[in-house]
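Single-letter residue listing:
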Amino acid sequence: MTGQMLRHHTARPQHPLHPSLQHPLRHPPHRPLHHLLQDLLKGRRDHLGLSQEVVAERLDISARSYGNWERGTIKEWTDQKLYALAEVLEMSEFQTDRLFRYAVGRAPHPHSRAASGHAGRENPASAAFLDDYGAMMDALSLPTFVVDQRWDIKMANSAYRDLFRDVRPHPTAEPSANFLRFGLFHPDAPAVFADHPKWRLAMLAQLASSLEAPTQDPGLRSLHHDVHRHPVLRDIYRHDMPDWVLAGGSDLLHHDNEVREVRHPDPHVGLQGCRLVEETPRSLQALGLTRITVMPVCGTVGPPAAARGDARHRPEAQGAA
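Residues numbered from 1 in each chain as written. Predicted model: local features only at pLDDT ≥ 70, side-chain atom pairs only at ≥ 80, totals over all residues. Heavy atoms only, no water.

Colleague: Just checking my understanding: could you explain the pattern of salt bridges for this structure?
Modeller: Pairing of side chains with opposite charge becomes possible as their charged atoms draw close. As enumerated under the stated definition, the model contains 15 salt bridges in all. For the salt bridge of Lys154 with Asp148, the shortest nitrogen-to-oxygen distance reads 3.7 Å. The class of Lys154 is partly exposed, set by a relative accessible area of 48%. Given the relative accessible area of 8%, Asp148 is considered buried. For Glu258, the salt bridge identified is with Lys198, shortest N-O distance 3.3 Å. Here Lys198 lies in helix H13 (residues 196-210) and Glu258 lies in the loop between helix H15 (231-246) and strand E3 (260-263), a separation of 60 residues in the sequence. For Glu258, a relative accessible area of 23% corresponds to the partly exposed category. Residues participating in the shared-partner salt-bridge network are Lys42, Arg45, Asp46 and Glu70. (Salt bridge = Lys/Arg side-chain N within 4 Å of Asp/Glu carboxyl O. Buried < 20%, exposed > 50% of the residue type's maximum accessible area, 1.4 Å probe, protein only. Helix = DSSP H or I, 4+ residues; strand = E, 2+ residues; numbered from the N terminus.)

As structure tokens, then:
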């Protein structure tokens, strides 16, 4: 009986397997990148139910030009074109990364997204992520904030806002608007950044290093222009800052073992040594954003003696002496 079943089984007609199923653990054959790019663009367009004409209209180009984009016959891709495509085709962060790798053989540069004008127009998933990320930041006790490539403040938690709560209003240098402008131009900056000359050198070094980026942002150029219109800052930028960097100083985001002081408006916190710690997840990097935390350094300065309750500084103790 078993033999009959075996003979019956082996006698069944054999249908050839599809090539992709013959070796399920083997990687698919290598395909040229421009073919992968075609599949990605057409696949996203078909998924959204858009015609080439509709995509072309949203990109403000001709349908023929977009057809060349989708066929991969365009001679030179720019970051601006790729980010525009990613926006129109509602691509996720992962899909945008694939788009760049297929088109230009590299990951997207975070700063070029902001410079292209597409950083602020996130898709719904990115907007939801930023909302959740902001809520997470607000749960932290340390001052933390998110900036774009020009150091505009995009998000900040309540601890950051509390650090600057006594700062007076200013038309162009609010701490909630731009971190560098506040530190360089606001008259109240030395009240928060206690050793202000150190902060100022690091901020000017940060401006100089940011201006070295391939795509120079108009906001950074405007800040650079304002620095050169200010006699004191111009002299520091041209002379003191380069000498300081050569001697071992750095910009705000690179650790140089420099502890800078901040003065918190809460007298129980008072003067504290701190470092700025950059801790940016990939999801923020893809949006051209950077997260920075003001990290206190233990054993540096500390709250005023009166706030600590030091008996030597209590009025009644001084009277008793």
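Colleague: Just to check I follow, could you spell out the packing of helix H6 (residues 79-88) against helix H7 (residues 93-104) for this structure?
Modeller: Each packed pair of helices is defined by two parameters, the angle between the axes and the distance between the axes. Interaxial distance between H6 and H7 falls to 10 Å at its minimum, and their mutual angle equals 140°. Judged by the angle between their axes, H6 and H7 are oblique. Handedness of the H6/H7 crossing: right-handed. Listed contacts from H7 to Asp79, Leu82, Tyr83, Leu85 and Ala86 of H6 are Thr96, Leu99, Phe100, Ala103 and Val104. By residue class, the composition of the contact of H6 with H7 is eight nonpolar, one polar and one charged. (Axes fitted to C-alpha atoms, helices over the stretch in contact; angles between N-to-C directions. Parallel < 35°, antiparallel > 145°, perpendicular 65-115°, else oblique. Left-handed = near helix turned anticlockwise from the far one by under 90°. Contact = heavy atoms within 4.5 Å. Nonpolar A, V, L, I, M, F, W, Y, C, P; charged D, E, K, R; others polar.)

Colleague: Can you walk me through the environment of Leu276 in this structure?
Modeller: Summarising the element assignment, Leu276 is placed in strand E4 (residues 271-278). C-alpha of Leu276 to C-alpha of His254: the two residues are 22 residues apart in sequence and 8.8 Å apart in space.

Colleague: Got a minute to help me understand the packing of aromatic side chains in this structure?
Modeller: Two descriptors summarise a pair of aromatic rings, namely the distance from one centre to the other and the angle between the planes of the rings. This model, assessed by the stated rule, comprises twelve aromatic pairs. Ring centres of Tyr160 and Phe164 lie 4.8 Å apart, and the angle between their planes is 55°; on these two criteria the pair is classed as tilted. Grouping residues by exposure puts Tyr160 and Phe164 together as buried. Between the aromatic rings of Phe164 and Phe182, the centroid separation amounts to 5.2 Å while the plane-to-plane angle is 85°, which identifies the pairing as edge-to-face. Here Phe164, found in the loop between helix H10 (158-163) and helix H11 (179-185), pairs with Phe182, found in helix H11; they are 18 residues apart in sequence, far enough to count as distant. Ring pairs connect the aromatic residues Phe145, Trp151, Tyr160, Phe164, Phe179, Phe182, Phe193 and Trp199, which therefore count as one cluster. Note that Arg260 overlies the ring of Trp199, its terminal NZ or CZ placed 5.8 Å from the centroid. (Phe/Tyr/Trp six-rings, centres within 6.5 Å; stacked < 30°, edge-to-face > 60°. Lys NZ or Arg CZ within 6 Å of the ring centre and 35° of its normal.)

Colleague: What is the right way to look at the side chain of Arg44 in this model?
Modeller: Among the structural elements, Arg44 can be located in helix H3 (residues 33-48). No salt bridge forms around the buried Arg44; measuring N to O, its nearest opposite-charge neighbour Glu90 is 5.0 Å away. Dropping the residues within four chain positions of it, Arg44 is found in contact with Leu89, Glu90, Met91 and Gln95. (Lys, Arg positive; Asp, Glu negative; His and termini not counted.)

Colleague: Honestly, the pairing of strand E1 (residues 144-147) in this entry has me stumped. Any pointers?
Modeller: On any regular strand, side chains alternate: one points to one face of the sheet, the next to the other face. Of the two faces of E1, the one lined by Thr144 and Val146 and the one lined by Phe145 and Val147 are each fully buried. Where E1 and strand E2 (residues 153-156) come together, three bridges link them in antiparallel fashion. Each residue of the ladder has a partner; that of Phe145, found in E2, is Ala156. Counting the residues that bridge the hairpin from E1 to E2 gives five residues, and of these Trp151 lies at a positive phi of roughly 70°. (Pairing = 2+ DSSP bridges.)

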